[in-house]
Amino acid sequence: MINKSVPSTDDAVADIADGASVMVGGFGPAGQPYALLDALIRRRPRNLTVISNNAGNGDFGLAALLKAGCVRKIVCSFPRQSDSWVFDELYRRGELELELLPQGNLAARIQAGGAGLGGIYTPTGYGTQLAADKEVREIDGRHYVFELPLKADFALIRAARADRWGNLVYNQTGRNFGPIMAMAAGCTIAEVNQLVPLGELDAEAVVTPGIFVQRVVSVPSTPQRLSA
């Protein structure tokens, strides 16, 4: 019997070791797997490389993971916002390495990793510091920068509902990076609001098939997490 559900968030992240690469879903707070991040903070791995859209908000979720000293490097598109004081402080002190990517390139590189591609050519970033030391080709009169795929040991994502096979349904904007990250990670761990019996999910509504998900943990919604 296939059953990918695990009893707790602590069990779900128990094998994320020092030095692991971890994709973290979410567009700001929307779709961010808060409970899995809290469990990871309790585990306290070190020298993680985190791949995410931004570098955390306030003092919770991804920002709390940074504050706990678990992250050595972050790969993201929007490291700085009005509430990114945790990232700002760590970066200014030289305690956190940043790889900055345009958002489209971030998504495309994750997609390339999930599709098994060796890389992509994109015009975004050409002629800027973001293209320094990268291969450039001219194709049909336009310049393109070669970007490597992004993959990770683990992906932590959030969905609205799942069954025990790991099929996932998302809630509106909570979907964001979850589907492509699930495809680009060696082990995808999904935090969900509700675990439902097999057959209850509408097959046409399933965005991430269970083949891309290795673990599912049910975490009831709280008011600050309803956007997920």
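Basis of the calculations
- Residues numbered from 1 in each chain as written.
- Predicted model: local features only at pLDDT ≥ 70, side-chain atom pairs only at ≥ 80, totals over all residues.
- Heavy atoms only, no water.
- Helix = DSSP H or I, 4+ residues; strand = E, 2+ residues; numbered from the N terminus.
- Expected span 1.5 Å × (residues − 1).
- Buried < 20%, exposed > 50% of the residue type's maximum accessible area, 1.4 Å probe, protein only.
- Contact = heavy atoms within 4.5 Å.
- Pairing = 2+ DSSP bridges.
- Axes fitted to C-alpha atoms, helices over the stretch in contact; angles between N-to-C directions.
- 1 Å grid on protein atoms, 1.4 Å probe; cavity = no way out; pocket = protein on both sides within 12 Å on 5 of 7 lines; lining within 4 Å.
- Points joined across faces, edges and corners; volume = space filled by probe spheres on them.

Looking at helix α5 (residues 103-115)
- With 13 residues, α5 extends 18 Å from end C-alpha to end C-alpha; this agrees with the ideal 18 Å at 1.5 Å per step.
- Listed as buried for α5 are Asn105, Leu106, Ala107, Arg109, Ile110, Ala112 and Gly113.
- Elements in contact with the buried residues of α5: β1 (21-24), β2 (48-51), β4 (97-100), β5 (120-122), β7 (142-147) and α6 (178-184).
- Immediately beyond the C-terminal end of α5, within one or two residues, lies Gly116, with a positive phi of roughly 80°.

Describing the sheet that holds β5
- Spatial strand order, β5-β7-β6: three strands in an open sheet with antiparallel pairing. Among the strands making up the open sheet, the edge pair consists of β5 and β6 (136-139). Pairwise comparison of adjacent strand axes, ignoring direction, gives a mean angle of 40° for this sheet.
- Both β5 and β7 contribute to a ladder of three bridges, which runs antiparallel. Across the sheet, residue Tyr121 finds its bridge partner in β7, namely Phe146.
- Sheet contacts for α5: β5 and β7; angle to β5, the most-contacted strand, approximately 165°.

Topic: the pairing of strand β8 (residues 152-162)
- Within β8, nine of the eleven residues are buried, leaving the element largely enclosed by the surrounding structure.
- Note: β1 against β8, three bridges, orientation parallel. The residue of β8 that forms the bridge with Val24 is Leu156.
- Bridge count between β8 and strand β9 (residues 168-169): two bridges; the pairing is antiparallel. Residue Arg161 lies in a different strand from β9, and its bridge partner there is Val169.
- Connecting the antiparallel pair β8 and β9 is a turn made up of five residues, with Gly166 showing a positive phi of about 95°.

So, the pairing of β6
- When β6 meets β7, the two strands line up antiparallel, connected through four bridges. Residue Arg137 lies in a different strand from β7, and its bridge partner there is Tyr144.
- Two successive antiparallel strands, β6 and β7, enclose a turn made up of two residues, where Asp140 displays a positive phi of approximately 50°.

Quick look at empty space enclosed by the protein
- Following the criterion strictly, the structure yields one cavity of 30 Å³ or more and no others.
- Along its surface, the largest cavity is lined by Val24, Gly25, Gly26, Gly28, Gln32, Ser52, Asn54, Gly56 and Leu62.

By themselves, these figures tell us nothing about what the structure is for.
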